Every structure is written in C-alpha cells, then in structure tokens.
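Architecture at a glance
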Amino acid sequence: MDLLAGIGCACAGLLAVLAVAVLGVAYRLGLLYQLWHKVDPQSPRHGGELVAEVLKAHGVRFLFALAGGHISPILVASEKVGIRVVDTRHEATAIFAADAVSRLSGRIGVAAVTAGPGVTNAVTAIKNAQMAESPVLLIGGAAASLQKGRGALQDIDQLSLFKTLCKACVSVRAVRDIVPTLREAIATAQSGTPGPVFVELPIDVLYPFHVVEKEIGGTKSGRGLRGKVVQWYLQNYIRNLFAGAWEPRDVSPLPVRVPLATEDEVQRCAELVSRATKPLVLVGSQAMLPPMPAEELRAALEDLGIPCYLGGAARGLLPPGSPLLLRQNRRDALRDADLVLLAGAVCDFRLSYGRLFGRRAAIVAVNRDRAQLLRNSDVFWKPRLAVQGDAASFVVRLARSLRGYACPRDWVEGLREADRKKEQANREKAATPTPQHLNPLDLLHRLDALLPPESLLVADGGDFVGTAAYIVRPRRPLAWLDPGAFGTLGVGGGFALGAKLCRPEAEVWVLYGDGSLGYSLMEFDTFVRHKTPVIALVGNDACWSQIAREQVALLGSNVACGLEYLDYHAVAEALGGKGFVVGRPDYDRLDAILRAAQDACRQGRPVLINALIGKTDFRDGSISV
C-alpha cells in the first residue's frame with residue numbers, strides 16, 4: 001500500500017511538473033494570451049499607427065528621419081496624424097535636429113532611422129545627446145524578430161551598440177507592446193538626469209498582418225510532420241504578434257520624475273551665501289532643463305544679485321547688458337571668490353577638473369546626476385555642500401530664502417571693471433588687421449552688432465567658434481546651441497534645422513568652422529526642401545586651426561591640418577540656397593553683405609556666407625585635447 005501511495009504521489013508530481021512545463025511553453029508561444037485577446041487577420045492597420053498615436057499624445061510636432069523600408073509605416077502614419085516628418089541627408093543630422101528640439105521645446109525630441117547602417121550612423125549623435133543630457137527618443141528599424149541571426153537584410157545586434165549610450169534600450173516583440181514600451185521610454189528619457197533612449201521596432205511589428213504573413217508565414221501546407229510543425233509555429237508566431245494589437249490603450253504621458261533639493265540643503269546654502277563676501281555663480285546647461293521656466297531662473301539670479309558666468313545652453317539666460325553677467329577672466333574670478341555655486345556646472349576639463357577654486361572657497365555643487373555632481377571631488381576640490389537635485393529650482397528657492405540679501409558692491413564692481421578691460425582689449429585686437437584676409441574678431445563683432453533680439457546661434461566648430469563664444473552675445477534664454485561636453489563636430493545642420501522649426505520667427509545663425517562645415521554642408525538641400533531658411537557664417541581659414549596651433553608648436557608639423565580656401569558658397573547655391581563670399585577686398589561693405597544675407601533669409605532662402613579669415617593669436621593657449 002505504501003508503495004502504491006508512493007508511486008501515486010510520484011505520478012502526481014510528474015503530472016504537475018508536466019502541466020507546469022506545458023503551461024510554460026504555452027505562455028512562451030503566446031497561446032494563453034491568444035485565448036483571451038483577439039487576432040484580426042483582415043485588419044489593414046499596422047504598428048506604425050500606434051507609434052504615431054503615442055508621439056502625438058506626447059506633444060511631438062516633428063519626426064526627423066532618413067527614409068528606409070524598415071520604418072516606412074512610422075513615417076506614413078506620423079504624417080497622417082499631423083506630425084511633420086522632416087527627412088535629412090544623414091542619420092546623424094536627424095538625431096542632432098531631435099536633440100535641438102528637445103533643448104528648445106522642453107519636449108521629447110524624436111528621430112527614426114532604418115535598420116543596420118541607419119542605426120550605426122546614429123551612434124555619435126546619440127553619444128552627444130547623452131553627454132549633453134538631452135532627452136531624445138531614437139526609434140530604430142530592425143529585421144523581423146524571427147529572422148534575427150539568420151542573415152536577414154541589415155540585421156545586426158543593435159541593442160548592444162546603445163547599452164552604454166542610452167538610459168534604456170528595448171526591442172519590441174509584439175504589436176501590443178508598442179504603446180507601453182514607448183510611453184515608458186519617453187518618461188525614462190525625461191526623468192532624473194535626462195538622456196537618450198533607444199527603442200527597436202522590428203519590421204514585423206510595424207507592417208499589417210497580411211504583409212507579415214506573406215513575408216514570413218511560410219507555405220500554406222507543410223510537407224511531412226516536420227513541415228507541418230514549422231508551418232504551425234510560423235502561423236502561431238504571427239498570430240501572437242498581432243494578438244490584442246488594436247485593443248484600446250492609454251497613450252498619454254507618464255509622470256516625469258525630477259530630483260529636488262531638500263529644504264535643509266537650500267537653507268544651508270543660504271547661510272553660506274549670507275556669510276560670503278565674494279560669491280560667484282556658475283550656471284551650466286543642466287540648469288536650463290524643464291520644468292523650471294528660464295524666465296523664472298533669470299528672475300531668481302537677478303534677485304540674488306550675485307555675479308554670474310553662463311556656460312553652454314545657459315548662455316543668454318541673462319541679457320547682454322546685465323550688470324551681473326560676466327564673460328571674461330573666469331579663471332581669476334574663481335581664484336578670488338570665497339563662495340562658488342555650481343548650478344549645473346561640472347568640474348571636468350571645462351573647469352580644469354576643479355583646480356581653479358581658491359583654497360578656502362566654499363563650493364556648493366548642485367546637479368541631478370551624482371557622478372557629475374562629484375566629478376574630481378576630493379582630488380582637486382571638495383564641495384562644502386553637494387546637492388543631488390534640479391539646479392534651476394534650487395536657485396529659485398535659494399533666492400526666495402535670501403530676500404533682502406545684497407551682494408557686496410565692491411566685489412561686483414571689481415569683476416565688472418575687469419570684464420570691461422578685457423572686452424576693450426578684445427576690441428583692440430579686432431581692430432588690428434591680420435596679415436591676409438579678414439580679422440575673425442572684427443567679423444564677429446560686426447555680426448554681434450547686427451543680431452536682432454529674436455536671433456538664435458548654433459555653434460559648430462573649433463577655433464572660429466571658440467573665438468565667437470567670447471564675442472557674440474545670445475540675446476535671450478535658450479538662444480545658444482553648442483554640442484556640449486562631447487565637443488562633437490557636425491552638429492550645425494541638425495541643430496539649425498531643429499531650431500528653425502521650433503522657432504520659425506527666429507533668425508537662426510550657424511557659426512561654422514570650415515572644417516566642421518564638411519559634415520553637414522549637404523543639409524542645405526534639407527533647408528531648401530523643408531523651407532527652413534537659416535544663415536551659415538563660415539570662418540574659412542583653410543585649416544583645422546585649433547589642432548594645428550598645438551600640433552605645429554609641439555611636434556613641428558602641420559600634417560593633416562591644412563585645407564583650401566574653397567568656394568563653399570557655390571555649393572550652397574547649387575543646392576538652392578544663396579551664397580556670399582567675403583574677404584579683405586569687401587571690408588568696407590562687410591556690414592552691407594551681412595544685412596543682405598539677413599534679407600535673403602527673410603525672403604525664405606537659406607544663406608551661406610563664406611568668410612575668408614586670417615590668423616590671430618586670440619586663442620593661443622586654448623586646449624584641443
């Protein structure tokens with residue numbers, strides 16, 4: 001009896017294990033899901049429609065792309081729901097444009113690229129977005145999930161490319177998963193420290209049932225047992241792809257999480273500021289992130305009355321004539337300050353890794369990202385207070401807690417006087433003719449004098465753009481776009497495209513070096529086709545000057561640094577734009593040519609000004625590594 005009972009228990013156990021195994025297989029094959037959710041083989045709908053619905057619900061106005069069969073359903077569906085599809089001549093440009101849109105609009109920037117080479121062409125731009133902390137959604141086409149690893153067209157392991165570059169990398173395996181995956185990805189991109197996310201959409205979740213069935217469904221009747229099993233598997237795979245695909249789902253945005261400082265942290269900073277006699281504020285790009293409006297941050301800085309240096313996207317936060325705005329002598333000011341508030345600024349190479357602060361200075365660092373917050377701390381510097389939270393809201397709350405505070409007048413006036421002297425020295429250098437061609441400082445001073453209030457500047461270059469950063473003044477918040485900490489060349493075409501679409505009323509100027517222009521000159525075709533007139537000012541010195549300066553001095557050779565004084569304006573003309581060339585003979589009418597470029601742009605034509613410039617010593621000592 002005991003033996004029979006034992007055998008019975010063993011059989012029952014085996015049956016239970018078998019039942020669990022069968023249920024597990026059924027679950028993995030989607031058989032259980034198909035019992036409760038409808039599959040409609042006759043539906044003409046496709047996954048691209050779901051992508052478009054989610055993007056529309058998240059306020060996306062522009063979808064940047066370079067066409068490819070893997071993503072065609074997304075492009076067609078997006079256009080149908082009123083999203084403007086903007087196709088570029090290189091995938092990197094599409095991502096740069098989406099990056100610019102995210103920075104200027106406060107919404108997610110979106111780009112779609114086709115599988116394989118389309119995805120690999122996006123890698124550098126996505127890394128730039130990561131280091132610039134830009135929330136960008138990259139949608140990548142892909143081979144059908146069932147065909148991965150089987151030699152399908154343009155099939156590679158795309159997720160591995162982006163695992164270290166993106167906050168999230170996801171591949172969608174069924175049509176029903178498109179909506180929740182995209183909603184979660186967008187919220188992830190915008191939460192905490194913003195950054196890019198990658199969503200892979202295989203071709204079989206984007207096209208209609210009948211198309212997918214025709215491509216991968218196999219023959220209608222398999223031969224032999226093996227053939228019938230394969231045929232059943234393929235048909236079940238397709239049915240599982242579309243099971244529950246068209247059921248109603250919430251497409252609205254998920255909550256975005258933003259880290260905030262505590263009241264105690266704000267109060268501790270207020271106490272440090274109130275005791276300081278030489279306070280200084282450094283505002284970095286991160287302070288311009290949503291949800292705090294730039295106008296409120298500007299008002300808070302003006303209420304504090306503490307002298308400020310603005311870096312990256314924060315340039316233009318204070319108006320050019322603000323008594324608090326400093327642009328020169330930052331190294332000296334940091335050495336003398338007894339309190340420095342790093343509002344989104346990072347102690348990386350841009351601040352000499354933290355070696356610029358006075359030995360007794362109290363440093364308050366505020367950053368959403370802990371790694372950036374403490375970058376090089378306890379090596380070259382040590383924060384008196386380190387706050388992991390949103391920099392803009394911290395400054396606003398600090399200003400409220402310090403109502404009635406007045407920054408020592410002699411400190412402010414001393415910094416202003418030093419700033420004025422350096423500005424005057426720069427003007428004197430601008431008035432000195434170069435051995436040949438135009439003085440770039442003079443050219444940039446003339447541009448600055450002509451910029452209207454509604455102008456927006458895009459920086460894409462090395463030496464010429466580095467010079468411009470000290471001379472040309474953004475007129476308003478979020479009116480300066482540069483690549484950020486990664487220092488990527490080639491952002492100009494995409495940034496200008498996204499900027500002009502976001503702010504059609506703005507006069508968008510791209511400041512190019514002649515080297516960096518080569519990356520996106522072809523996008524003048526994009527500007528023409530999509531009616532986005534911008535003005536490109538090219539500092540053409542026939543050289544990779546930022547590299548040559550150190551290479552020649554240290555190594556004695558100009559190898560690989562020399563270019564030619566080429567007719568870049570003629571290329572712009574050939575692509576449908578308007579071109580100007582200016583050099584030493586045009587000195588007396590330089591202002592008139594700049595105004596003519598503005599007029600042509602207002603008439604709807606993208607413009608390229610090929611400015612032949614000479615060499616100066618203005619940037620001697622600047623770094624290129």
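Refer to the preceding data block for the structure.
In what follows, the accompanying structure is described. (Residues numbered from 1 in each chain as written. Predicted model: local features only at pLDDT ≥ 70, side-chain atom pairs only at ≥ 80, totals over all residues. Heavy atoms only, no water.)

**Comments concerning the side chain of T93**
If you trace the backbone, T93 turns up in helix α5 (residues 91-105). The exposure class assigned to T93 is buried, which follows from its relative accessible area of 3%. If we skip the residues at most four places from it in the chain, T93 touches T88, G493, G494 and E523. (Helix = DSSP H or I, 4+ residues; strand = E, 2+ residues; numbered from the N terminus. Buried < 20%, exposed > 50% of the residue type's maximum accessible area, 1.4 Å probe, protein only. Contact = heavy atoms within 4.5 Å.)

**Side note on the pattern of salt bridges**
If charged atoms from side chains of opposite charge come close, those side chains can pair. This model, assessed by the stated rule, comprises 26 salt bridges. A salt bridge links D448 to R473; the nearest nitrogen and oxygen atoms lie 2.9 Å apart. Linking D448 in helix α18 (residues 440-450) with R473 in the loop between α19 (463-471) and β14 (480-481), this pair joins segments that are 25 residues apart in sequence. We classify D448 as buried; its relative accessible area is 4%. By sharing partners, the salt bridges in this structure join D87, R89, D525 and R529 into a single network. (Salt bridge = Lys/Arg side-chain N within 4 Å of Asp/Glu carboxyl O.)

**Brief notes about the sheet that holds β14**
Ordered by their spatial adjacency, 6 strands build an open sheet running β14-β13-β15-β16-β18-β17, and the pairing between neighbours is parallel. Edge strands, defined here as strands with exactly one partner in the open sheet, are β14 and β17 (578-582). Packed on one face of the sheet, helix α20 (residues 492-502) meets β13 (455-460), β14 and β15 (507-513) and runs near 175° to β15. (Pairing = 2+ DSSP bridges. Axes fitted to C-alpha atoms, helices over the stretch in contact; angles between N-to-C directions.)

**Re the nonpolar core**
Core analysis: the largest hydrophobic core is formed by 118 residues, its most contacted members being F64, L280 and L342. Among the elements that make up this core, the one with the highest residue count is α5 (9 residues). Among the nonpolar cores identified, the runner-up in size contains 41 residues, and V60, I74, V197 and I238 belong to it. (Core = buried A, V, L, I, M, F, W, Y, C linked by side-chain atoms within 4.5 Å.)

**So, the environment of Y568**
With respect to the helices and strands, Y568 occurs in helix α24 (residues 568-574). For the pair Y568 and V197, spaced 371 residues apart in sequence, the C-alpha separation works out to 36 Å. Beyond its immediate stretch of four places on either side in the chain, Y568 contacts D514, L517, L521, V538, N540, L608 and N610.

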